[in-house]
Amino acid sequence: MMSGKRVAQKRGAGWALTMACMFAASAQAASPAHAYPWNQPGCPCAPTLHKGTPAEAGMVASALEDIDGTISRALVRRVAPGAVVLVARRGVIADWEAYGYASIYTDAHFNTVAHPRPKADNRPHPDRMQKNTIFDMASVTKLFTATAIMQLWDAGKFKLDDPVAKYIPAFRVHGKEAVTIRQLLTHTSGFRPSPPTPLYAVKGSRKDKLAYLYNLPLEHPPGTHYVYSDINFIVLGALIKRLSGEREDVFLRKHLTGPLHMSDTMFNPPDSLKPRIAATEYQPWVGRGMLRGEVDDGNAWALDGVAGHAGLFSSAHDLAVFGQMMLNGGTYDGVRVLSEQAVKLLLTNWNKRFPGNATGLGWSINRDYMMGALSGPATAGHEGFTGTMIAINPKNDVIAILLTNRVHPTRTGPSVVTMIRHVFTDIANAIPVQAPDRGAAWFAGYGEYLNRTLTARVEPHAHATLSWQTWYRMQPDEDYGSIAASPDGKRWTTLRHLTGTSDGWQTRKLKLPAHTLYVRFRYRTDDRTNGRGWYVDAIETSADGKTTAAKVTDSQWHKRDY
């Protein structure tokens, strides 16, 4: 079910020749990738996106190719019919692939379109996913709403801590008088996750449905809880109109997607684009049938397809342009759409008092359950219900995008979260970790419930010091490393525990118990997310002015040079 330049679209002698050229180029370019290791992208980088080799992006080609297997396994499990992945670093598109199908099912029972069909047959046929397929972004729309809001902030239209009711007087009811614009953006307003009555069941016009939302009470006092809420961003979408005089679709086209030439990004795409749009859900309960080019979210649909929380359609490349604009500090291709200060505010964690729910202005930060090994305090992004995800990491100058049509034909299939997490871990794994001697170091690897050890024999001495070089990014207080010593390889004394990050390569030292004969490095992980991992190199002992290299005698780790 896979397609893409590395998978099913390759055919015949041309395919073999292309692959041979690719492998040759990869082999020649593998070394330069190491010039831009983790958190050292060598910026200033290219301000506009362009295609290039993984090495030019500072990424390892063979690691990026692991994405193929990750997505293939997910498609076999029917996590989604298809997907598009785009990875860029240093302004270089290092990987851009399409897999599976954009449209294949006719109903929620996974009945497929007859396939193949004669060219002259006009009946529905399955459409393979293409790299330029357009997707229903679902909640990724929130990032664009937040951007529009901050463009208005740049224009001096409001202050972040202004009460919403200052601009929408009907909001000033049921204890919402003090709710601020910042609290809407950070999901700390006190609203419930979604309207108790779906907006499509609220009678009347768009104006009537918004009036219903403005009249809703809060579940918590403002600022006291983090609760992810679509209501927050529906209100923000309406606020754009109040502040600018333009509905959000018009505002974004004039001030963001138009200036950045993001021609695939819009609300309510025209019928002419339907062949390029990934199908989503079969919704007979509202009389809509199989959706393709019409917003999946029922509340956005009720608001004429234009809402602050959902409704936007876009493609992988357009989304990458948006991500690169953020990495560039608000500009792209010479066009500034946000101030540097607005970008900083968007990517600042305003929810430090709510651990595990780090949130900028609209952007989710350090969500390891989705971002995998790419997660960290500098990683921001957002996922969408339809199976979409973008993340950016300014320290690595990287953009990671995975777009799927996971709700085609039904939202009740397997969760897409694990697929996203594993793909983003593959992407993180392709950003090299360069050992100080530029050689191979011991790497503990990735996986759930790991318990992997690296054991080395050392010279016994009454007053020996152990030293080693190490680099690690472990999930804080979830994954752990430890160093232990033993006189016989049977009885062990733990000397130190590690978690979190080493902040680059470090040389660490420990006094060893008298007559230690073995040292052991152990890496344990939990059942969910791995960080970028743990590396160990140059294990030595010193005593009486003499330094001796330790000899690895048993290892569940492996050596790698990235």
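Let me begin by describing the structure that accompanies this report. (Residues numbered from 1 in each chain as written. Predicted model: local features only at pLDDT ≥ 70, side-chain atom pairs only at ≥ 80, totals over all residues. Heavy atoms only, no water.)

**Thoughts on the overall build of the protein chain**
Right, on to step 1. Broken down by element type, the protein chain carries 13 helices and 26 strands.
Right, on to step 2. Taking 24 Å as the expected radius of gyration for a compact globule of 562 residues, we find that the protein chain reaches 26 Å, a close match to that expectation.
Right, on to step 3. Overall, the protein chain is about 85 × 65 × 45 Å in size when its C-alpha atoms are taken along their principal axes.
Right, on to step 4. Going through the 562 residues of the protein chain one by one, you find that 57% of them count as buried.
Right, on to step 5. If you take every contact in the protein chain between residues at least 6 apart in sequence, the share linking residues at least 24 apart comes to 72%.
Right, on to step 6. When the accessible surface of the protein chain is split by element, carbon and sulfur atoms take 51% of a total near 22,800 Å².
Right, on to step 7. Taken as two groups, the 64 positive and 49 negative side-chain charges of the protein chain have centres that lie 1 Å from each other. (Helix = DSSP H or I, 4+ residues; strand = E, 2+ residues; numbered from the N terminus. Rg over C-alpha atoms; globule rule 2.2 N^0.38 Å. Buried < 20%, exposed > 50% of the residue type's maximum accessible area, 1.4 Å probe, protein only. Contact = heavy atoms within 4.5 Å. Areas by Shrake-Rupley, 256 points an atom, 1.4 Å probe, with all protein chains shown as cover. Lys, Arg positive; Asp, Glu negative; His and termini not counted. Charge placed at Lys NZ, Arg CZ, Asp CG, Glu CD.)

**Digging into the pattern of salt bridges**
If the charged atoms of two oppositely charged side chains come close together, the side chains can form a pair.
Right, on to step 1. Evaluation of the coordinates by the stated rule reveals 13 salt bridges.
Right, on to step 2. Here Lys142 ties to Asp230 by a salt bridge, and the two come within 2.7 Å at their closest N and O atoms. A residue pair is termed long-range when its members are at least 10 positions apart, and Lys142 in helix H4 (residues 141-154) and Asp230 in helix H7 (residues 230-244) qualify at 88 residues. The same class applies to Lys142 and to Asp230, which are both buried.
Right, on to step 3. Here Glu478 ties to Arg528 by a salt bridge, and the two come within 3.9 Å at their closest N and O atoms. Of this pair, Glu478 sits in the loop between strand S18 (465-473) and strand S19 (480-486) while Arg528 sits in the loop between strand S22 (518-524) and strand S23 (533-543); the two residues are 50 residues apart in sequence, bridging distant segments of the chain.
Right, on to step 4. Overall, the relative accessible area of 27% leaves Glu478 in the partly exposed class. (Salt bridge = Lys/Arg side-chain N within 4 Å of Asp/Glu carboxyl O.)

**Some details on the packing of aromatic side chains**
Right, on to step 1. Within the structure shown, the criterion is met by 14 aromatic pairs.
Right, on to step 2. Taking 6.2 Å as the distance between ring centres and 50 degrees as the angle between the ring planes, the aromatic pair formed by Tyr200 and Trp301 counts as tilted. With a gap of 101 residues between them, Tyr200 in the loop between helix H5 (181-185) and helix H6 (206-214) and Trp301 in helix H9 (residues 298-302) connect regions that are remote in the sequence.
Right, on to step 3. On the basis of relative accessible area, Tyr200 is assigned to the partly exposed category, the value being 38%.
Right, on to step 4. Members of the aromatic cluster, connected to one another through ring pairs, are Trp38, Phe443, Tyr446, Trp471, Trp505 and Tyr535.
Right, on to step 5. Sitting over the face of the ring of Tyr36, Arg90 holds its NZ or CZ atom 3.7 Å from the ring centroid.
Right, on to step 6. Above the plane of the ring of Phe171 lies Lys176, whose end atom (NZ or CZ) is 5.1 Å from the centre. (Phe/Tyr/Trp six-rings, centres within 6.5 Å; stacked < 30°, edge-to-face > 60°. Lys NZ or Arg CZ within 6 Å of the ring centre and 35° of its normal.)

**Points about the layout of surface pockets**
Right, on to step 1. By volume, the largest pocket is sized at about 690 Å³.
Right, on to step 2. Lining of the largest pocket is provided by 34 residues; of these, Trp38, Asn39, Arg473, Thr501 and Asp503 occupy positions nearest its centre.
Right, on to step 3. Residues of the lining of the largest pocket, tallied by class, amount to twelve nonpolar, 14 polar and eight charged. (1 Å grid on protein atoms, 1.4 Å probe; cavity = no way out; pocket = protein on both sides within 12 Å on 5 of 7 lines; lining within 4 Å. Points joined across faces, edges and corners; volume = space filled by probe spheres on them. Nonpolar A, V, L, I, M, F, W, Y, C, P; charged D, E, K, R; others polar.)

**Overview of empty space enclosed by the protein**
Rolled over the atoms, a probe with the dimensions of a water molecule shows which regions are left empty.
Right, on to step 1. Enumeration over the complete set of coordinates arrives at two cavities of 30 Å³ or more.
Right, on to step 2. Here the largest cavity is characterised by a volume of approximately 70 Å³.
Right, on to step 3. Forming the boundary of the largest cavity are Arg78, Val79, Ala80, Pro81, Tyr105, Phe110, Arg406, His408, Pro409, Thr410, Gly413 and Pro414.
Right, on to step 4. Class assignment for the residues of the lining of the largest cavity results in seven nonpolar, three polar and two charged.
Right, on to step 5. There is about 30 Å³ of room inside the second largest cavity.
Right, on to step 6. If you trace the second largest cavity, you find it lined by Phe135, Asp136, Ala278, Ala279, Thr280, Thr386, Thr388, Thr404 and Asn405.
Right, on to step 7. For the lining of the second largest cavity, a count of residues per class yields three nonpolar, five polar and one charged.

**Some details on the sheet that holds strand S25 (residues 551-555)**
Right, on to step 1. The five strands lie next to each other as S20-S19-S22-S17-S25, forming an open sheet whose pairing is antiparallel. Strands at the two margins of the open sheet, each flanked by one partner only, are strand S20 (493-498) and S25. Going from strand to strand, the sheet's axes swing by 20 degrees on average, the running direction of each strand aside.
Right, on to step 2. In terms of strand pairing, strand S17 (residues 451-457) meets S25 through four bridges, oriented antiparallel. Residue pairing across strands places Thr455 opposite Asp554, the latter belonging to S25. (Pairing = 2+ DSSP bridges. Axes fitted to C-alpha atoms, helices over the stretch in contact; angles between N-to-C directions.)

**Observations concerning the state of the cysteines**
Right, on to step 1. Enumeration according to the criterion identifies one disulfide in this entry.
Right, on to step 2. Between Cys43 and Cys45 runs a disulfide, and the two sulfur atoms are separated by 2.0 Å. The S-S bond linking Cys43 to Cys45 shows a torsion near -90 degrees; that makes this disulfide left-handed.
Right, on to step 3. With relative accessibility at 18%, the residue Cys45 sits in the buried group. (Disulfide = S-S within 2.5 Å.)

**Brief notes about the pairing of strand S15 (residues 398-404)**
On a regular strand, each side chain points to the face opposite its neighbour's, so the side chains alternate between the two faces of the sheet.
Right, on to step 1. Of all seven residues in S15, seven are buried, a share of seventy percent or more.
Right, on to step 2. Side chains Val398, Ala400, Leu402 and Thr404 of S15 all project onto a buried face; the interleaved residues Ile399, Ile401 and Leu403 project onto the opposite face, where all are buried too.
Right, on to step 3. One ladder, built from seven bridges, connects strand S2 (residues 82-89) with S15; its direction is antiparallel. By the bridge assignment, Val84 is partnered in S15 with Leu403.
Right, on to step 4. Bridge count for strand S14 (residues 388-393) against S15 is six bridges, and the pairing is antiparallel. The partner of Asn393 across the bridge, within S15, is Val398.
Right, on to step 5. Counting the residues between successive antiparallel strands, the hairpin from S14 to S15 contains four residues, one of them, Asp397, with a positive phi of roughly 50 degrees.

**Quick word on the packing of H4 against helix H8 (residues 248-257)**
Right, on to step 1. Following both chains from N to C, one finds H4 and H8 inclined at 70 degrees, their axes separated by 11 Å at the closest point. One way to sum up the angle between H4 and H8 is to call them roughly perpendicular. Crossing geometry of H4 relative to H8 is assigned as left-handed. Note on element contacts: H8 touches H4 through Glu248, Phe251, Leu252, His255 and Leu256, opposite Phe144, Thr145, Thr147, Ala148, Gln151 and Leu152. (Parallel < 35°, antiparallel > 145°, perpendicular 65-115°, else oblique. Left-handed = near helix turned anticlockwise from the far one by under 90°.)

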